[in-house]
Structures are given as C-alpha cells and as structure tokens.
Amino acid sequence: MASLNKVILIGRFGYKFHLVSYTTTSANLMLREFGLVLFLASVGIKAGATFWHTVTEGDGLTYVWAGFIITVLPILIIGVLARQKYKMNYFTLMGLIAGATTDPPALAYANQTANNDAPSVGYSTVYPMCMFLRILTAQLIILLLYSVL
C-alpha cells in the first residue's frame, strides 16, 4: 500500500520537482502481464485447495455441468452462426468469444495474434451483456434447483 501511495504522490507532484515517472512501453506491457499472472495464480491457488471435494460432494457435479452448458453451448452456436451465416472476421470473432467467456487472457492472446483492434472491438460489444446474463442465469439456476429440491 505504501508503494501505491508513492506512485500517486509522484504522479501528483513529480512535475514540480522534475521527477521522471515515465516508463517505456515494454516495461508497461511487462508489468501488465505480470499483474495478470499474479491475479490468475492467486485465484487458482485459492480455488484449487477445495476443488475436488466441492465437485465430488453434494451438488458440485450438477453445478459444474450447468456451468459447462451455460458457457460452451451458446458460444459454439453463435460462433458457427457468426462465421458461416454472417461471414464475420476471424479476429472479431476471437474478441467476441473472449468477451462472451469474460476472459481477459483470451483477449490478450487475440490482440497479440491479430495486431489490430478487431478483437478489442468484438470483446467490448459483448462483454457487458454477457457479464449481466451470466450473473442473472446463475441466480435463476440456483432458484430453479432449490425449488425442485
């Protein structure tokens, strides 16, 4: 927390004291990727400790299958439709799929592969709606499962 305060103070007063706070593009990209790696590692370590127990005990397997169907089936249907019927650009389709799965590492890979903004445009068009629908669908499934039981 102290280092964050220093960065904020350097950003606020650095020009008055002629402090150089510029970072190169490569250093900026490295720090972004490093932060993403740390985030994904911490989530994986936290979730991995009780994963097998959660899946095998109680309703865990039902939730895993429901999550799989909610995630994979719509993406396959829309991906095939968008490519074959609407002749959508492959790079835009990569962004759409990354946005539909709300997956920032997939977007980073798509941007690196495409070398243009098409994946980012596709990602930004579907991400808000998919995030909203994912939360709503999860709540509806939980309500349905508890009403059936």
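Conventions and cut-offs
Residues numbered from 1 in each chain as written. Predicted model: local features only at pLDDT ≥ 70, side-chain atom pairs only at ≥ 80, totals over all residues. Heavy atoms only, no water. Buried < 20%, exposed > 50% of the residue type's maximum accessible area, 1.4 Å probe, protein only. Helix = DSSP H or I, 4+ residues; strand = E, 2+ residues; numbered from the N terminus. Arc of directions from axis to C-beta. Contact = heavy atoms within 4.5 Å. pLDDT = per-residue confidence, 0-100. 1 Å grid on protein atoms, 1.4 Å probe; cavity = no way out; pocket = protein on both sides within 12 Å on 5 of 7 lines; lining within 4 Å. Points joined across faces, edges and corners; volume = space filled by probe spheres on them. Nonpolar A, V, L, I, M, F, W, Y, C, P; charged D, E, K, R; others polar. Phe/Tyr/Trp six-rings, centres within 6.5 Å; stacked < 30°, edge-to-face > 60°.

Our next topic: helix H6 (residues 104–114). Inspection of H6 places Leu107, Ala110 and Ala114 among the buried residues, and these make up the whole buried set. Axial view of H6: buried residues confined to an arc of 60 degrees, hence all on one face. Residues of H6 that are exposed and angled more than 90 degrees away from the buried face: Tyr109 and Gln112. The inward-facing, buried residues of H6 abut helix H5 (90–100) and helix H7 (118–148). Following H6 by one or two positions, asparagine 115 adopts a phi angle in the positive range, close to 55 degrees.

Looking at the protein chain, the pLDDT average stands at 84 and 91% of residues meet or exceed 70. Mean pLDDT in the protein chain bottoms out at helix H1 (residues 2–13), which sits at 68, and peaks at H5, which reaches 91.

In this section: the layout of surface pockets. A volume near 420 Å³ is recorded for the largest pocket. Pro74, Ile75, Ile78, Ala100 and Cys130 are, among the 16 residues lining the largest pocket, the residues nearest its centre. Those elements giving two or more residues to the lining of the largest pocket turn out to be helix H4 (60–84), H5 and H7. Looking at the lining of the largest pocket residue by residue, the class counts come to 12 nonpolar, 3 polar and 1 charged. A volume near 270 Å³ is recorded for the second largest pocket. Along the walls of the second largest pocket sit Leu29, Arg32, Glu33, Leu36, Pro104, Ala108 and Gln112, which together make up its complete lining. Broken down by secondary-structure element, the contributors of at least two residues to the lining of the second largest pocket are helix H2 (25–48) and H6. Looking at which element gives the most residues to the lining of the second largest pocket, the answer is H2, with 4 residues. The residue inventory of the lining of the second largest pocket, partitioned by class, reads 4 nonpolar, 1 polar and 2 charged.

Next up on the list: the packing of aromatic side chains. If you walk through the whole model with that rule in mind, you get 3 aromatic pairs. Judged by centre distance (5.2 Å) and plane angle (20 degrees), the rings of tyrosine 123 and tyrosine 127 are stacked. One end of the pair, tyrosine 123, and the other, tyrosine 127, are both in helix H7, 4 residues apart, so they sit about a helical turn from each other. A relative accessible area of 12% means that tyrosine 123 is categorised as buried. Of the residues examined, tyrosine 127 reaches a relative accessible area of 29% and is grouped as partly exposed.

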